[in-house]
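Breakdown of the fold
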Amino acid sequence: MTTDSELYTYVNNKKMRRGHTTGTCAAAASKAAAEAVLSGKPVKNVRIATPKGIVLDLPVEDLTFDSTHGRCAVRKDGGDDIDATHGALVYSDVTLTESGIDIDGGTGVGRVTRKGLDQPPGNAAINRVPRAMIREALEDVAQSHSYGGGFSAVISVPEGEEIAGKTFNPRLGIVGGISILGTSGIVEPMSETALIDTIRAEMNVRAAEGRKVLLVVPGNYGKDFSQNIPGIDADTAVKCSNFVGEMLDHACELGVDVVLVSNMGKMVKLAGGIMNTHSRNADARMEILAANAAVAGASMSTVVDIMGCISTDDALEAIDSEGLVPAVSGLLMEKIEYHMNHRTGGRIRTAAVMFSSVYGLLGKTSLADGMLDEVRAWERGERR
């Protein structure tokens, strides 16, 4: 029986409910459908063991079966980490076969079209761990009924194609639906792991295309600014959100260089060595700006004004009142370059471009122009 401590966890001192992944749903639905076929009896609930070690008892929906085929669904539950797939029904159509276990995707499950993802091009976007869970669930049912034949399991999500439009799948080259995901089988509330995994997957796709320099932006502001850089296709940019450090770590693993284009709000934190730019982790923007303004020669009254600012654009206005925006930006870019190179240990080349929505381009690190030229060359088809 699942305990309260397994169903709940604490995030930022708040009790939050765990959920279960689409992979867990697919495995549970497969197990229930196979059980109904081999036992000849309806199944209302199914027990499924997750890789995390938590055993779940999940309700089965929309079950139909006969002596050779069964179909049913288990509903995705994101717990307190609601995402686009929360509440979706994940179906499994299980058919008895002569031997082996064949797993594929049906309606609403995406199909992989690019290299660098968990599955090769042409395969259904059912990741490795969910596939293993489905296989293990079917083997358990076969063993319990002394069944020596095989199974075909087709996973489908009727709403999958619509849901996929709200996910990263189109950017990753997964067409026609969602991915069946999960490494632990459990959805952790406010999970950073899932987002970091998505960032890594997008980087894998770009690297698999043969790119040696990745254009990276935290989000839409960076993408919009990149779109105005001549010769740059911002649609190819990898979005790293707040996870600059994890992005750089994975770039080192892949052996690809990185150009980060970001607004000042996040870059200022990077100038202070803050590699996770979410305000929950750190917000020393005004302290960093005030210190660098002082080094650049700002008056004490301006330094005090900066410390009282709420936004970096407000702080820039105070800095601009003494004509020090170029000097302060230059100091920041030097520190950003240092901290990016420190994080990567020099294993890859890094560059950064910093801008403000009010003041426009503010600065570039020493390698930025050359590396942007390499990105442009790739876009022109000059690929060595």
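In the block above lies the structure referred to throughout.
These figures come from a predicted structure and were not determined experimentally.

How each quantity is defined
Residues numbered from 1 in each chain as written. Predicted model: local features only at pLDDT ≥ 70, side-chain atom pairs only at ≥ 80, totals over all residues. Heavy atoms only, no water. Pairing = 2+ DSSP bridges. Helix = DSSP H or I, 4+ residues; strand = E, 2+ residues; numbered from the N terminus. Contact = heavy atoms within 4.5 Å. Axes fitted to C-alpha atoms, helices over the stretch in contact; angles between N-to-C directions. Buried < 20%, exposed > 50% of the residue type's maximum accessible area, 1.4 Å probe, protein only. Salt bridge = Lys/Arg side-chain N within 4 Å of Asp/Glu carboxyl O.

What follows concerns the sheet that holds strand β17 (residues 238-239). Taken in spatial order, the 5 strands of this open sheet run β17-β16-β18-β19-β20, and their pairing is mixed. At either margin of the open sheet sits one strand with a lone partner, and together these are β17 and β20 (360-364). Looking at chain direction, strand β16 (residues 213-217) and β17 are connected through 2 bridges and run parallel. Bridge assignment links V217 to a residue of β17, and that residue is K239. Relative to the sheet, helix α14 (residues 368-379) contacts β16, β18 (257-263), β19 (350-356) and β20, its axis offset from that of β19 by approximately 100°.

This next bit is on the pairing of strand β4 (residues 45-49). The alternating pattern of β4 places V46 and I48 on a buried face and N45, R47 and A49 on a face that is not buried. Alignment of β4 against strand β5 (residues 55-59), held across 5 bridges, turns out to be antiparallel. Across the sheet, residue N45 finds its bridge partner in β5, namely P59. In this antiparallel pair of consecutive strands, β4 and β5, the connection spans 5 residues, and G53 shows a positive phi of 95°.

Quick look at the pattern of salt bridges now. The final tally for this structure, using the stated rule, is 19 salt bridges. Between R75 and E61 there is a salt bridge, with the nearest N and O atoms lying 2.9 Å from each other. Of the two residues, R75 is situated in strand β7 (residues 69-75) and E61 in strand β6 (residues 61-65); the sequence distance between them amounts to 14 residues. Of the residues examined, E61 reaches a relative accessible area of 25% and is grouped as partly exposed. With a shortest N-O distance of 3.1 Å, R211 and E379 are connected by a salt bridge. Linking R211 in the loop between α6 (192-208) and β16 with E379 in helix α14, this pair joins segments that are 168 residues apart in sequence. On the basis of relative accessibility, which here comes to 9%, the residue R211 falls in the buried class.

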